[in-house]
Amino acid sequence: MEPKRKLLATTSSQAQGACPDHMKDRFSDLPNEVAHQILSSVSILDLTRFGALSKKCRELYLSTPSLNFDEFNNWNKSSYSKQFKLLSSLDRFLVRRRENKIHCFRICWDLSYGKAASLYNELYRVVTWIHMAVRCNVEVLDLELRIPDTTKLELPSCIFLCGSLRSLSVHCNKILTAPSLVSSTNLQYLKLTNVTVDEGLCKWISCSCKCIKELHLEHVEVENITMESSSLESFSFVFPSYCGLCHLNISCEKLEDIHIEWRFASTSSRSFIVFAPNLKYLKWIGNLLNNQNLGKLMCLEKAEIFLKHGVDNNDFSNVLEVLCSVCRAKVLILSGEMTKALLREGPVSTPFDDISYLGVHVESLDDDIVPAMVSLLRGMPNLKTLYIKSDPSLFIHKPEACGFNKEFWKSQNLAFIDQLKEATIELSNGNNELELARYMLEDAKNLKEMVLLYSPQQSTHIRVVNESKMNSVATARVVFQEKQRK
């Protein structure tokens with residue numbers, strides 16, 4: 001009980017500052033910066049309780065720079081009177097804070113239920129809180145609002161005029177109106193989720209967000225995106241299901257990271273144009289387009305390309321064009337469908353001299369994908385790490401792939417084999433992966449480690465691999481890992 005007495009005192013005595021020394025809490029002796037850091041992870045309800053402990057605690061309670069209003073979605077719907085009491089309590093708290101600095105303010109509020117009068121009252125309060133945060137020079141504002149379809153929401157213009165604001169996240173199933181182009185902002189981070197926007201917002205970002213470094217769009221409904229920025233460093237557009245985006249045009253000289261997940265039913269009248277000469281990381285998932293231009297990405301370090309042909313288009317004729325754009329990458333990760341497409345295009349003439357890591361994600365190393373793999377590997381003389389990932393859930397009913405043994409691989413005289421140091425292979429049905437592993441074990445003189453992932457029914461492959469290890473020209477470490485069926 002003694003430690004508890006030292007940590008907590010009665011509200012009445014501490015509020016008057018008259019408690020004896022042994023009753024004082026240790027928390028109050030902490031520097032304000034340390035106390036605020038601890039309180040930043042405390043819910044607003046617990047923060048309120050904390051503020052009642054002592055005069056010092058009340059001071060910290062009212063000056064805490066990180067506020068989180070996100071725990072009332074179920075609690076505040078029990079009755080109108082309780083809801084009104086809660087809203088009034090939060091109002092009073094923000095008023096009593098006066099103009100104490102707010103560094104981070106998160107509001108997660110569900111307005112999807114209740115009568116119209118109650119709903120508009122809540123919405124008015126939320127907008128008022130935003131105004132108060134702006135008045136307190138908020139730097140990070142995170143809004144997650146669930147609002148009925150019949151209710152309109154327009155974010156207050158003070159958000160976009162707030163000179164202190166550095167980070168803004170908006171998650172809301174509403175149309176987001178573009179601010180006036182006259183308004184400039186110091187935003188460095190902007191994330192929009194589940195909103196509908198028009199091209200005006202992109203124009204505002206390009207013209208008014210001169211300090212923007214990160215822009216992330218998730219489940220954003222928009223017809224066209226044209227982004228021009230001299231400061232943007234990271235951009236993502238993620239829409240896992242089919243979306244209505246037609247044209248994506250990015251021109252950002254400082255851009256280093258792009259993540260695109262863009263799927264659609266029809267490839268017609270769609271384009272993807274990029275000018276990003278300093279791009280380092282590219283991840284592109286979705287459908288191949290008829291009109292795309294990534295340019296020459298001379299600074300690229302890592303590229304992940306997982307593309308499929310469109311529903312209305314089986315043409316992969318521009319696969320080589322995509323690969324030419326990413327040929328300077330050090331790390332290249334491809335889907336099996338992209339790799340197969342190379343076979344239809346003929347031998348790969350593009351040199352991939354800079355690639356040291358190749359990852360191929362396939363259903364299995366089928367007989368129809370091995371020649372494409374050979375063509376790809378032939379252009380990578382400096383490859384040091386190879387990772388072949390397969391998904392056992394995708395090839396259960398496929399015939400076994402066993403048309404290419406280790407002698408076939410030896411006969412190809414692939415230059416990468418002398419540079420290879422690490423290999424990871426997930427065994428699937430058939431023997432193609434196994435034979436490739438045996439080839440590398442026996443001929444890769446600089447191989448340091450090989451990891452083989454196998455299913456329980458493939459345990460007999462361990463003996464075969466160990467025999468090849470005995471014939472190895474290197475002293476590679478072989479690791480066997482049993483994988484569980486999904």
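Note that the coordinates shown come from a computational prediction; the quantities given were computed from them, not determined experimentally. (Residues numbered from 1 in each chain as written. Predicted model: local features only at pLDDT ≥ 70, side-chain atom pairs only at ≥ 80, totals over all residues. Heavy atoms only, no water.)

Colleague: Just checking my understanding: could you explain the overall build of the protein for this structure?
Modeller: When you go through the protein residue by residue, the secondary structure sums to 15 helices and 20 strands. Taking as baseline every contact in the protein between residues at least 6 positions apart, the subset at least 24 positions apart corresponds to 63%. Carbon together with sulfur atoms contributes 52% to the accessible area of the protein, which is approximately 22,900 Å² in total. (Helix = DSSP H or I, 4+ residues; strand = E, 2+ residues; numbered from the N terminus. Contact = heavy atoms within 4.5 Å. Areas by Shrake-Rupley, 256 points an atom, 1.4 Å probe, with all protein chains shown as cover.)

Colleague: Can you help me understand the sheet that holds strand E11 (residues 271-275) in this one?
Modeller: Note: strands within a sheet are paired through backbone hydrogen bonds, in either parallel or antiparallel orientation. If you walk across this open sheet you meet the 4 strands as E7-E9-E11-E13, and the pairing is parallel. Where the open sheet ends on each side, the last strands, each with one partner, are strand E7 (224-229) and strand E13 (291-293). Averaged over all neighbouring strand pairs, the angle between strand axes comes to 5°, with direction disregarded. With 5 bridges connecting them, strand E9 (residues 247-252) and E11 associate as parallel partners. Looking at the pairing, Ser251 lines up with Phe275 of E11. (Pairing = 2+ DSSP bridges. Axes fitted to C-alpha atoms, helices over the stretch in contact; angles between N-to-C directions.)

Colleague: What is the right way to read the packing of aromatic side chains from this model?
Modeller: Scanning the entire structure with this criterion turns up 11 aromatic pairs. For the pair Phe69 and Trp129, a centre-to-centre distance of 5.3 Å together with 90° between the ring planes defines the contact as edge-to-face. Of this pair, Phe69 sits in strand E1 (residues 66-69) while Trp129 is found in helix H7 (residues 116-135), placing the two residues 60 residues apart along the sequence. By the burial criterion, Phe69 is buried, and Trp129 matches it. Judged by centre distance (5.8 Å) and plane angle (75°), the rings of Phe408 and Trp409 are edge-to-face. With a relative accessible area of 1%, Trp409 lands in the buried category. Counting every residue linked through ring pairs, the aromatic cluster contains Phe69, Phe105, Trp109 and Trp129. (Phe/Tyr/Trp six-rings, centres within 6.5 Å; stacked < 30°, edge-to-face > 60°. Buried < 20%, exposed > 50% of the residue type's maximum accessible area, 1.4 Å probe, protein only.)

Colleague: Please explain helix H3 (residues 32-39) as it appears in this structure.
Modeller: An α-helix turns once every 3.6 residues. As a result, residues three or four positions apart point the same way. Looking only at H3, the buried set comprises Ala35, His36 and Leu39. Within H3, the buried residues cover an arc of 100° as seen down the axis, which keeps them to one side. Seen from the buried face of H3, the exposed residues on the opposite side, beyond 90 degrees, are Glu33 and Gln37. At its buried positions, H3 is contacted by helix H4 (44-51) and helix H5 (55-63). (Arc of directions from axis to C-beta.)

Colleague: Explanation requested: the side chain of Glu304 in the structure shown.
Modeller: As for its position among the elements, Glu304 is in strand E14 (residues 302-308). According to the relative accessible area criterion, Glu304 is buried, its value standing at 16%. Setting aside residues up to four positions removed in sequence, Glu304 forms contacts with Leu282, Lys283, Trp284 and Ile333.

Colleague: Explain the pairing of E11 to me, please; I cannot follow it from the model alone.
Modeller: Regular strands have side chains that alternate between both faces of the sheet. When E11 meets E13, the two strands line up parallel, connected through 3 bridges. Its bridge partner being in E13, Ser271 is matched across the sheet by Asn291.

Colleague: Help me understand unusual backbone geometry, please; the structure alone is not making it clear to me.
Modeller: Excluding glycine, most residues fall at negative phi; most peptide bonds, likewise, are trans. Although it is not a glycine, Arg98 adopts a positive phi angle of roughly 55°. Look at Arg98 and you get exposed, because its relative accessible area is 64%. Even without a glycine there, the phi angle at Asn194 is positive, about 55°. Among the secondary structure elements, Asn194 is positioned in the loop between strand E5 (189-193) and helix H9 (199-208). The class of Asn194 is partly exposed, set by a relative accessible area of 34%.

Colleague: Would you mind going over the confidence of the model for the protein with me for this structure?
Modeller: Interpretation of the predicted coordinates at a detailed level should be avoided for regions scoring low in pLDDT. Here the protein averages 84 in pLDDT, and 86% of its residues register 70 or above. Confidence drops under pLDDT 50 across residues 1-19; counting only partners more than four residues distant or on other chains, this segment forms 28 contacts. (pLDDT = per-residue confidence, 0-100.)

Colleague: Whenever I open this one, a nonpolar patch on the surface confuses me. Can you help?
Modeller: There is a patch of nonpolar side chains on the surface, built from Leu30, Val34 and Ile38 and spanning about 200 Å² of accessible area. Looking at where Leu30 falls in the secondary structure, it is placed in the loop between helix H2 (11-15) and H3. (Patch = residues over 30% accessible without salt bridge, like charges linked within 9 Å, V, L, I, M, F, W, Y side chains within 5 Å. Salt bridge = Lys/Arg side-chain N within 4 Å of Asp/Glu carboxyl O.)

Colleague: Looking at this model, I keep getting lost on a positive patch on the surface. Mind explaining?
Modeller: Taken together, the side chains of Arg58, Lys82, Lys85, Arg92 and Arg96 define a basic patch exposed on the protein surface. With 4 residues, helix H6 (residues 80-96) is the single largest residue contributor to the positive patch. When its relative accessible area of 62% is taken as the criterion, Lys85 is described as exposed. (Lys, Arg positive; Asp, Glu negative; His and termini not counted. Charge placed at Lys NZ, Arg CZ, Asp CG, Glu CD.)

Colleague: Looking at this model, I keep getting lost on the pattern of salt bridges. Mind explaining?
Modeller: Any two side chains of opposite charge can pair, so long as their charged atoms come close to each other. Using the criterion set out here, one finds 20 salt bridges in the structure. Of the charged contacts in the structure, one is a salt bridge between Glu144 and Arg146, with a shortest N-O distance of 3.0 Å. Look at Glu144 and you get buried, because its relative accessible area is 17%. Across the pair Lys410 and Asp443 runs a salt bridge, and its minimum N-O distance is 2.3 Å. You can see Lys410 sitting in helix H13 (residues 406-411) and its partner Asp443 sitting in helix H14 (residues 432-443), a full 33 residues away along the chain. Each of Asp70, Arg106, Asp110, Asp142, Glu144 and Arg146 takes part in salt bridges that share partners, so that together they form one network.

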